[in-house]
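Next come the chains, spelled out residue by residue.
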Amino acid sequence: MKIIADENMPNVTKLFSAFGEVELVNGRTLTKEQVKDADVLLVRSVTKVSSELLKGSRVRFVGSATIGVDHIDTEYLAEQGIAFSSAPGCNADAVADYVFSGLGFLALTKNLRWLNKKIGVIGYGNVGKTVFDRFAALGCDVCVYDPIKQAEYASQNKDSVPFVSLASIMACDVISLHAPLTKEGDYPTIGMIGKGQLQQVKAGTAIISAGRGGVIDESALRELYKERRGDLHLVWDVWQGEPELDLETLSIVDIATPHIAGYSKQGREKGTWMVYQAFCQYFNIDKQVSLRDAISPGRLRALSLQEELEEEELLARTAHAIYDVARDDSRLRFNYRRYADKATFDWLRKHYVERDEFATCAVESSSQQALIKLKAMGF
């Protein structure tokens, strides 16, 4: 069996080499010629999988170690009888960690007090739900916009989630965006947040964009930034036109990262593992590696808090002990000062400095209230 795999999938050789020849490739530049003799194709979000890539190949199974499937022509795969599996939820905790690391940065550098503010979450899939649950566990006033999930919950007579309109979300003090990029259906998300929606954003609002680039109109965002005289707090992980990055947008955001919100070591490993499970099930093969052996423990496994801190500072400093998003921001800006082209974006992703998830670390404190807050945030 020949297995073509994205070179950025962690543990892919360890997990799949027992079943055949594993050839590692650049997912962004993968060609039809490279795939034609493959039985299995394993990708991440940078690879567009369609008839153009697969026609004439002998591929029987496609796995994407990502939560989104907007890069996959699932209809074509179904028509051709090609099995497909993705990894929904694999990086939900990693993205949630990113959100709270970003808020911690804003709290420490711009004195943003967010715990008692109105929070709006856009998208209630695996990631959005995880982010929502953490805010709710922290006692925040949090609401959600996701009309598809809202209809689904209504049909099941579930009313526990505070769904609201998009306009209500845009009026929140903190907006955390986790919508997929869709172009069809009743609620397409491409360009969903344009000039009209952004005009509802108040000065002083924090926006965290960690879903898909293209959901927010960046030109409209730049106009808003000028109108609000820079009084916005922007944490930006996904970009319109990736892997190209608009330098004017880069100049206005507080945190800029190269689509790595979900790039924790454990989140990426879970993505590969979920595809591995589906692969074994499809080919009716016994798994050769256990989940325990496939997921790494954290490198900093315990923290001890010795003094009382104001709540936002407590959350920020603890979060940054495991993952400080400013590191990734500094690395991106440094590299773009030297090489401001689209190759830089992919280079940063390929050579990402690994990070652990909050949940890999246990926290000790004499303050029960501090422990409750930190557990709610993911520790």
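An account of the accompanying structure is given in this report. (Residues numbered from 1 in each chain as written. Predicted model: local features only at pLDDT ≥ 70, side-chain atom pairs only at ≥ 80, totals over all residues. Heavy atoms only, no water.)

1. A word on the overall build of the protein
Worth spelling out the cut-off: Labels follow the DSSP assignment, with helices taken as runs of H or I lasting at least four residues and strands as runs of E lasting at least two, numbered in each case from the N terminus. Only protein chains enter the accessibility calculation, which uses a 1.4 Å probe; a residue is then buried when its area is under 20% of its type maximum, exposed when over 50%, and partly exposed in between. Any two residues whose heavy atoms approach within 4.5 Å at even a single point are treated as in contact. In this description, accessible areas are obtained by the Shrake-Rupley approach with a 1.4 Å probe, and a residue is regarded as covered only by the protein chains that are shown. The charge count treats Lys and Arg as positive and Asp and Glu as negative. His and the chain ends do not count. To locate a charge, take atom NZ for lysine, CZ for arginine, CG for aspartate or CD for glutamate.
When its secondary structure is counted, the protein shows 17 helices and 13 strands. Each of the three principal axes of the protein carries a C-alpha extent, and together these read 55 × 55 × 50 Å. For the protein, with 379 residues in total, the buried portion stands at 54%. In the protein, the proportion of contacts linking residues at least 24 apart, taken out of those at least 6 apart, comes to 64%. For the protein, the computed accessible surface area is about 16,700 Å², with 46% contributed by carbon and sulfur atoms. Placing the 45 positive and 51 negative side-chain charges of the protein at their respective mean positions leaves the two points 2 Å apart.

2. Side note on the pattern of salt bridges
Condition: We define a salt bridge as a contact between a side-chain nitrogen of Lys or Arg and a carboxyl oxygen of Asp or Glu at a distance within 4 Å.
Under the criterion given, the structure shown has 26 salt bridges. Of the charged contacts in the structure, one is a salt bridge between Glu248 and Arg222, with a shortest N-O distance of 3.7 Å. Of this pair, Glu248 sits in helix α11 (residues 247–252) while Arg222 sits in helix α10 (residues 218–227), and the two are 26 residues apart along the sequence. Judged by relative accessible area, which is 13%, Arg222 ranks as buried. The residue Asp328 makes a salt bridge to Arg327 at a minimum N-O spacing of 3.0 Å.

3. Overview of the packing of aromatic side chains
To keep it simple, the criterion reads: Only the six-membered ring of Trp is used, alongside the rings of Phe and Tyr, when aromatic pairs are assigned; centres must lie within 6.5 Å, and planes under 30 degrees apart are stacked while those over 60 apart are edge-to-face, with the rest tilted. A ring is scored as having a charge over it whenever the NZ atom of a lysine or the CZ atom of an arginine sits within 6 Å of its centre and within 35 degrees of its normal.
Under the defined criterion, the tally for this structure stands at 19 aromatic pairs. Judged by centre distance (5.9 Å) and plane angle (85°), the ring pair of Phe61 and Phe279 falls under edge-to-face. Taken together, the residues Phe61 in strand β4 (residues 61–64) and Phe279 in helix α12 (residues 265–282) connect sequence positions 218 residues apart. Residues Phe61 and Phe279 agree in their burial class; the two are buried. Arranged with centres 5.8 Å apart and planes meeting at 55°, the rings of Phe100 and Trp114 form a pair that is tilted. In this pair, Phe100 is assigned in helix α5 (residues 92–110) and Trp114 in the loop between α5 and β6 (118–122), connecting sequence segments 14 residues apart. Pair check on accessibility: Phe100 and Trp114 agree, each one buried. Through a chain of ring-to-ring contacts, the aromatic side chains of Phe16, Phe19, Phe61, Trp273, Tyr276, Phe279, Tyr282 and Phe283 assemble into a single cluster. The ring of Tyr263 has Arg268 sitting right over it, with the charged end atom 4.6 Å from the ring centre.

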